[in-house]
Amino acid sequence: MSGVEKILVHVRVNGEPREALVEPRTLLVELLREHFNLTGTHIGCDTTYCGACTVLLNGRTTKSCTMFAPMAEGGEIITVEGLSKDGELHPVQQAFAECHGLQCGFCTPGLLLSTVHLLSKTRKPSEKEIRKGIAGNTCRCTGYQNILKAVRAAAAEMGKS
Ligand code: FES
Ligand code: FES
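Thresholds, definitions, all that
Residues numbered from 1 in each chain as written. Chains lettered and ligands numbered in written order. Predicted model: local features only at pLDDT ≥ 70, side-chain atom pairs only at ≥ 80, totals over all residues. Heavy atoms only, no water. Pairing = 2+ DSSP bridges. Helix = DSSP H or I, 4+ residues; strand = E, 2+ residues; numbered from the N terminus. Axes fitted to C-alpha atoms, helices over the stretch in contact; angles between N-to-C directions. Contact = heavy atoms within 4.5 Å. Domains from an automatic or database assignment. Buried area = accessible area lost by both parts, 1.4 Å probe. Salt bridge = Lys/Arg side-chain N within 4 Å of Asp/Glu carboxyl O. Buried < 20%, exposed > 50% of the residue type's maximum accessible area, 1.4 Å probe, protein only. Core = buried A, V, L, I, M, F, W, Y, C linked by side-chain atoms within 4.5 Å.

Student: How would you summarise the sheet that holds strand β5 (residues 76-78) if you had to cite specific residues and measurements?
Tutor: Reading across the sheet, the 5 strands line up as β2-β1-β5-β3-β4 and stay open at both edges, with mixed pairing between neighbours. At either end of the open sheet lies a strand with only one pairing partner, and these are β2 (16-22) and β4 (60-63). In this sheet, neighbouring strand axes are inclined to one another by 40 degrees on average, regardless of whether the strands run parallel or antiparallel. Examined bridge by bridge, strand β3 (residues 54-57) and β4 share 4 bridges and lie antiparallel to one another. Pairing of L57 across the sheet is with R60, part of β4. Here helix α1 (residues 28-35) sits on the sheet and contacts β1 (7-13), β2, β3 and β5; the angle it forms with β2, its principal contact strand, is near 105 degrees. Taken strand by strand, helix α3 (residues 108-121) contacts β3, β4 and β5, and its axis lies near 35 degrees from that of β3.

What follows is the structure, given as structure tokens:
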């Protein structure tokens, strides 16, 4: 659209400084997907319901379809692409793979980040805390049992260190 003044947004994404010139109405999820080509962050509903767009912003889970990109100025963002290190899956990713915590995988990036956030707060979450921790993430395929199993397995693994 012409005539709209663009805004230069600076963020750190997965440890790297990034910037983009965007229209003020650009959503954070659009910044990630369309400007930075980080397409692991999904758009499932666009109404703050499903959690497929969940990322960590300054250490907190954030539904990136619900925030304008300029609001993240100066922020530190972790997306699913930032979880593995040196070719090794993050323990949460490993647990989801081993416990078959996904089917189509559309919800998975958001669930992984919600789980990483939960386990950053408590290494030994109760069943209630696990369910609350992923309550903002909807899965349409799995029936949740293997997702819960994966979160418990990740907690057990990460609790060893
Ligand atoms: S796409 Fe953001 S909550 Fe569904
Ligand atoms: S695995 Fe398909 S939506 Fe969750």
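Student: Tell me about the domain arrangement of the chain, and name the residues and values.
Tutor: You can read the domains of the chain as domain 1 (7-82) and domain 2 (91-159). Facing the 18 residues of domain 1 at the interface are 14 residues of domain 2. Interface area, domain 1 with domain 2, both sides summed: about 1200 Å², of which 60% is carbon and sulfur. There are 0 salt bridges connecting domain 1 and domain 2. Of all the elements in the fold, those that place two or more residues in the side of domain 1 that touches domain 2 are β3 and β4.

Student: How would you summarise the environment of Q93 if you had to cite specific residues and measurements?
Tutor: By the secondary structure assignment, Q93 is in helix α2 (residues 91-98). Take Q93: its relative accessible area is 13%, and that puts it in the buried class. Along the sequence, Q93 and S114 sit 21 residues apart, while their C-alpha atoms lie 12 Å from each other. Residues in contact with Q93, not counting those within four places in the same chain, are V80, L83, S84 and L112.

Student: How would you summarise the nonpolar core if you had to cite specific residues and measurements?
Tutor: The biggest cluster of nonpolar side chains holds 24 residues, and the ones touching the most others in it are V92, F96, L119 and I147. When contributions to this core are tallied by element, the ones reaching two or more residues are α2, α3 and α5 (145-159). Per-element accounting of this core gives the leading share, 7 residues, to α5. With 16 residues, the next largest nonpolar core counts V11, L31, V55 and L57 among its residues.

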